[in-house]
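# Fold and geometry: a report
Given next are the chains, with one letter for each unit.
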Amino acid sequence: MRAIWKGAVSFGLVSIAVKLYSATQEKDIRFHQVHRADGGRIRYKRTCSVCGEEVNYDDIAKGYDIGGGEMVVLTDEDFADLPLTTSHAIDVLEFVPAEQVDPILYNKAYFLEPEGAATKPYVLLRDALVDAERVAIVKVALRQREQLATLRVREGVLLLNTMLWPDEVRKPDFGFLDEDITVRPPELAMASSLIDSMAGEFQPDAFTDDYRAALQEVIDAKVEGREVVQPEEVEEAPAAAVDLMAALRASVERARAARGEQPEAGEPTPISAARSAQKAPAKKAPTKKAPAGKAAGKTTEKKAAPKKTAERKTAPKKAEPAAEKKTGARKAAPKKAPRRTA
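Presented here is a report on the structure given in the accompanying data block. Note on numbering: residues in each chain are counted from 1, in written sequence order. Thresholds applied to this predicted model are a pLDDT of at least 70 for local features of residues and 80 or more for the giving and counting of side-chain atom pairs; totals over whole chains, interfaces and linings are not thresholded and use all residues. Side-chain calculation: all heavy atoms of the structure are included, whereas hydrogens and water are not.

Fitted lines through C-alpha atoms give the axes, limited to the stretch in contact for helices. The angle between two N-to-C directions lies from 0 to 180 degrees. The helix count covers DSSP runs of H or I at least four residues long, the strand count covers runs of E at least two residues long, and both are numbered beginning at the N terminus. Between helix α3 (residues 185–197) and helix α5 (residues 244–258), the shortest axis-to-axis distance is 9 Å and the interhelical angle comes to 20°. Taken together, α3 and α5 sit at an angle that is classed as roughly parallel. The chirality of how α3 crosses α5 is left-handed. Between α3, through P186, E187, M190, A191, S193, L194 and S197, and α5, the contact on the second element is made entirely by L244, M245, L248, R249, S251, V252, A255 and R256. Under the convention adopted here, Pro, Cys and the residues Ala, Val, Leu, Ile, Met, Phe, Trp and Tyr are nonpolar, Asp, Glu, Lys and Arg are charged, and Gly plus all remaining residues are polar. Here the residues of the contact of α3 with α5 sort into nine nonpolar, three polar and three charged. To sort the angles, those under 35 degrees are grouped as roughly parallel, those over 145 as roughly antiparallel, those from 65 to 115 as roughly perpendicular, and the leftovers as oblique. Here a crossing is called left-handed whenever its near helix is offset anticlockwise from the far helix by less than a right angle, and right-handed whenever the offset is clockwise. Contact between two residues is taken to exist if any of their heavy atoms lie within 4.5 Å; hydrogens are not considered.

Structure (structure tokens):
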């Protein structure tokens, strides 16, 4: 790697000399514009819109359009007089928790390498950041522009992430944000089940740029003069479904099948759980609103059945004392007969 900038990290009264390297590189396949007939490169001339003459790089300056056809021209001397106090320094402003920095602010990443005798203070700052579990908010001037950035540790190296200024992030202004849209609990339960069925640990190496690989195959085939083998057709994404619940159920089932997961016998699946949550209010409604009619009659009949059975079982026990009472009455009858005769 080649250093693109040299400066120093200002950490309190400590100054750490560093070199700056680009931490990322784009892997896009780039093309030139060429003449279709003979493959010749297309060239563009830098011409002036006023006089029509071709302009050399030495005669090109920066202009700011103020509207109405007027242009303010700025020269290199104008930029040299700007008060960029951090032109060769990375000034640490404060240390904050990493989760407080919104990822939308991150722009580009650069590695920092210690230069000369700055290795020990470099390692000191690196280890202190790891122990504190914080990132450093810094200011740095790159390419004649002052930028906000963060310093954090990645694989034992200090990483500088340039950031956008807060006023460079657009505010979302969409009509649906003002609409009153209600998500039903069964839909939310099913969406949560889909997230759970697709959950995993992020491993960047597991993902590849299939389009770039296919395009490189076409280029290699052109160079070698062989026929390009068409890749297998990718399954088309399903069209937008009218029934949201049906789409969620199908998505959950497909995700579970892709992982080879099968529910155990008797174990409720995310789909059955969501269906039960959806049908639960329907079962409770008849009990609360039903009049003392058919529903009440059925309940009474079911409860009365055990009573009849009990009466039948206890009938023989009650018959014996009844028989004894009747027999006693018959024996007492002859005693009363003489009184009636007298």
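Following the structure, the description resumes.
A word on the layout of surface pockets. Site definitions follow a grid-based scheme: protein atoms alone, a 1 Å grid, a 1.4 Å probe that fits but cannot get out for cavities, and for pockets an open set with protein on both sides within 12 Å along at least five of seven lines, plus lining residues having an atom within 4 Å of a point. Grid points are joined across faces, edges and corners, and a volume is the space filled by probe spheres set on the points. One number sums up the size of the largest pocket: a volume of about 200 Å³. What lines the largest pocket is R46, T47, C48, S49, V50, V55, D59, I60 and A61. Considering only residue class, the lining of the largest pocket consists of five nonpolar, two polar and two charged. Estimates place the volume of the second largest pocket at around 150 Å³. Every residue along the wall of the second largest pocket is listed here: S22, T24, Q25, E26, K108, A109, Y110 and R143. Among the elements that make up the lining of the second largest pocket, the one with the highest residue count is strand β6 (residues 106–114) (three residues). In terms of residue class, the lining of the second largest pocket is made up of two nonpolar, three polar and three charged.

Mapped onto the secondary structure, K108 falls in strand β6. The exposure class assigned to K108 is partly exposed, which follows from its relative accessible area of 48%. Distance in space between the C-alpha atoms of K108 and T162 is 5.3 Å, their sequence separation being 54 residues. Leaving out residues up to four positions away in the same chain, K108 has contacts with L160, N161 and T162. Accessibility here uses a 1.4 Å probe with only protein chains present; expressed as a share of the type maximum, an area under 20% marks a residue as buried, one over 50% as exposed, and anything in between as partly exposed.

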